[in-house]
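Chain by chain, the residues:
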Amino acid sequence: MARVLALITAVAATTAPLSAHHSFSAEFDVTKPFKLTGVVTKVQWLNPHTFFYIDVTDEKSGKVTNWAFEMGNPNALMRAGWTRNTMKVGDTVSVEGSLARDGTPYGNARVVILTATGQRLFAGSSQGQP
Amino acid sequence: MKRVAAAIATLLISAHAHAQWLNYPTPGIPRLSDGKPNLSAPAPRRPDGKPDLSGIWQGWGPNGFFFDLAKDLKPSDVQMTPWAAGIQAQREKRDHVDDPLGFCMPPGVPRIDSVDQFKIIQTPAETVFLHEAQVGMMFRQVFTDGRPLPTDPEPAWLGYSIGRWDGDVFVVETIGLRDGGWLDTRKAHPHSDALRVTERFRRIDFGHLELAITIDDPKAYAKPWTAKTVLPLLPDTELLESFCDNHQLTLEHRSVEPAPPEPPSPPLPGR
């Protein structure tokens, strides 16, 4: 079942970013790292950035929030080992990255962890670049 | 609702479902005893003795040119004119949210050299650059059949290019670029419609392509400046399809106030 994990989880980015077509610092706050777990509701392979959505259930209130996350561009993800079957609607995943500055349920994903296998996937974040 | 979402996701993903030959051994490249490409083998040559630049080259990379083309240069090497400085200041002040690439527009020349990857196909009369960019697939035709650059060409995203050999260096001259271009994203160096780009490509060995980019733009910079880097070969892969279909969906998450209009290129100054 989807659940909210620790909010403050600083994870060192060890891989160079795949892409950053727009301003990371204008949209995301690197001082607001997060780790969220939820069920995938939508995956959009779009240029120049891929998006996916997960339903996150708050442990205490039971309230479900649909979060949106940005990743690198589809070809960069494919070159990093992703396929269209890597993350499917209905899968439970954990996401690490940086939250949007505007306070909406939106973030820049750095790592996606597949709950079923524990596999950690680099999500092509543009973090680390001004 | 979720079923609809799943159907949409499947549709969107299907456009990229064919991984083509993402991981396929490139025929004819030198290999080590373990089968891995020998990237330090000598650069190949064509039957006419010229270096063969063929291959897929990684433009995006640790050189950081995507963010700041002038990052290895002194500020005094890259002196902007007041026109260019005003544009650059506005773009940087707005945290480069107006970068056309973020709106899936073409990167222009020479910025396209630092976006994603490209394949060089070399023939006697022209050398073709096929670009797999996150903002779409693009090509550049670099003519080597002796034709001159056009006079007063219609401005274009990727301009007009001719090439020649200077020893083992392939020299590409490009003009006819559109006003309003960005040479990089974070520093947002502008250029004008008078930009003349010289790219000098030299294949150091099988796996490395030296690239020197000279920006000669008297409307934007007090004097020409040159950025140098080395691009790695991407062996055992092929270019993938890349389009900006459904790009508008990415903009749902971005709320960018329209930028004040940038002044057009000024008249050519006396030099």
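**Student:** Before we go on, may I ask you to explain the overall build of chain A in this structure?
**Tutor:** A tally of regular secondary structure across chain A gives two helices and six strands. For chain A, the N- to C-terminal ordering of α and β elements is α-β-β-β-α-β-β-β. When burial is assessed residue by residue, chain A has 56% of its 130 residues classed as buried. Considering only contacts in chain A between residues 6 or more positions apart, those separated by 24 or more positions represent 63%. Carbon and sulfur atoms provide 55% of the accessible area of chain A, an area that totals close to 5100 Å².

**Student:** What should I look at first to understand a nonpolar patch on the surface in this one?
**Tutor:** Where nonpolar side chains cluster on the molecular surface, the patch consists of B:Phe103, B:Met105, B:Trp157 and B:Val256 and spans about 300 Å² of accessible area. Considering the arrangement of structural elements, one finds B:Val256 in the segment after strand S9 (225-232).

**Student:** Teacher, can you tell me more about the state of the cysteines here?
**Tutor:** Defined simply, a disulfide is a covalent bond joining two cysteines at their sulfur atoms. All names here are of chain B. The full count for this structure, using the stated rule, is one disulfide over all chains. Across the disulfide from Cys104 sits Cys244; the S-S distance is 1.9 Å. Its S-S torsion of approximately -75° makes the covalent link between Cys104 and Cys244 left-handed. Pair noted here: Cys104 is in the loop between helix H2 (82-93) and strand S2 (117-122) and Cys244 is in the segment after S9, with a separation of 140 residues, a long-range link. Overall, Cys244 belongs to the partly exposed group, its relative accessible area being 22%.

**Student:** Just checking my understanding: could you explain the environment of B:Ala212 for this structure?
**Tutor:** Residue and element names in this part refer to chain B. Checked against the element boundaries, Ala212 lands in strand S8 (residues 208-216). The sequence separation of Ala212 and Thr198 amounts to 14 residues, and the corresponding C-alpha distance is 7.9 Å. In this structure, Ala212 is in contact with Thr198, Glu199, Arg200, Thr226, Ala227 and Lys228, ignoring residues within four places of it in sequence.

**Student:** How do you make sense of the nonpolar core when you look at a structure like this?
**Tutor:** Nonpolar side chains tend to gather and get buried jointly when the protein is soluble and globular. One finds B:Leu69, B:Phe201, B:Ile215 and B:Trp225 to be the most contacted residues of the largest nonpolar core, which totals 45 residues. Of all the secondary-structure elements, those providing two or more residues to this core are H2, S2, strand S3 (126-133), strand S4 (136-143), strand S6 (169-175), strand S7 (196-205), S8 and S9 of chain B. Once residues lying within four places of it in the same chain are set aside, the contact partners of B:Ile215 are B:Leu69, B:Pro110, B:Leu183, B:Leu195, B:Arg196, B:Tyr221, B:Lys223, B:Pro224 and B:Trp225. If you look at the next biggest cluster of nonpolar residues, it comprises 25 residues, including A:Ile54, A:Trp67, A:Ala109 and A:Val112.

**Student:** What should I look at first to understand the pairing of strand S5 (residues 160-166) of chain B in this one?
**Tutor:** Each regular strand displays side chains that alternate between the two surfaces of the sheet. Residue and element names in this part refer to chain B. Pairing between S4 and S5: two bridges, direction parallel. Residue Val142 lies in a different strand from S5, and its bridge partner there is Ser161. Two elements, S5 and S6, share seven bridges in a ladder whose sense is antiparallel. Directly across from Gly163, in S6, lies its bridge partner Val172. Hairpin geometry of S5 and S6 is characterised by an intervening segment of two residues between the two adjacent antiparallel strands and by a positive phi of about 65° at Gly167.

**Student:** Please clarify how the environment of A:Trp82 should be interpreted in this entry.
**Tutor:** Residues and elements named next belong to chain A. Following the sequence through the fold, Trp82 ends up in the loop between helix H2 (74-79) and strand S4 (92-100). Given a relative accessible area of 3%, Trp82 falls into the buried group. Setting aside its immediate chain neighbours within four residues, Trp82 contacts Trp45, Met71, Leu77, Met87, Val112, Leu121, Phe122 and Ala123. Only 2.9 Å separates the side chain of Trp82 from the backbone oxygen of Phe122, close enough to count as a polar contact.

**Student:** Looking at this model, I keep getting lost on unusual backbone geometry. Mind explaining?
**Tutor:** Negative phi is the rule for most residues except glycine; trans is the rule for most peptide bonds. In this structure, A:Pro48 follows A:Asn47 across a cis peptide bond, with omega equal to -5°. One can find A:Pro48 in the loop between strand S1 (28-44) and strand S2 (51-57). A cis geometry characterises the amide bond from B:Val109 onward to B:Pro110, with omega recorded as 10°. Mapping B:Pro110 onto the fold places it in the loop between H2 and S2. Residues other than glycine seldom take positive phi values, yet B:Ala188 does so here, at roughly 55°. Along the chain, B:Ala188 falls in the loop between S6 and S7. For B:Ala188, a relative accessible area of 0% puts it in the buried group.

**Student:** Explain the side chain of B:Thr237 here, please?
**Tutor:** Within the secondary structure, B:Thr237 is located in the segment after S9. Side chain to side chain, B:Thr237 and A:Arg79 meet in a polar contact 2.9 Å long. B:Thr237 has contacts with A:Arg79, B:Trp21, B:Leu22, B:Tyr24, B:Thr26 and B:Ile56, leaving out every residue within four places of it along the chain.

Cut-offs used in this document
- Residues numbered from 1 in each chain as written.
- Chains lettered and ligands numbered in written order.
- Predicted model: local features only at pLDDT ≥ 70, side-chain atom pairs only at ≥ 80, totals over all residues.
- Heavy atoms only, no water.
- Helix = DSSP H or I, 4+ residues; strand = E, 2+ residues; numbered from the N terminus.
- Buried < 20%, exposed > 50% of the residue type's maximum accessible area, 1.4 Å probe, protein only.
- Contact = heavy atoms within 4.5 Å.
- Areas by Shrake-Rupley, 256 points an atom, 1.4 Å probe, with all protein chains shown as cover.
- Patch = residues over 30% accessible without salt bridge, like charges linked within 9 Å, V, L, I, M, F, W, Y side chains within 5 Å.
- Salt bridge = Lys/Arg side-chain N within 4 Å of Asp/Glu carboxyl O.
- Disulfide = S-S within 2.5 Å.
- Core = buried A, V, L, I, M, F, W, Y, C linked by side-chain atoms within 4.5 Å.
- Pairing = 2+ DSSP bridges.
- Polar contact = N/O pair within 3.5 Å; in protein donor to acceptor, adjacent residues only side chain to side chain.

None of the figures reported here should be taken as evidence of function without further support.
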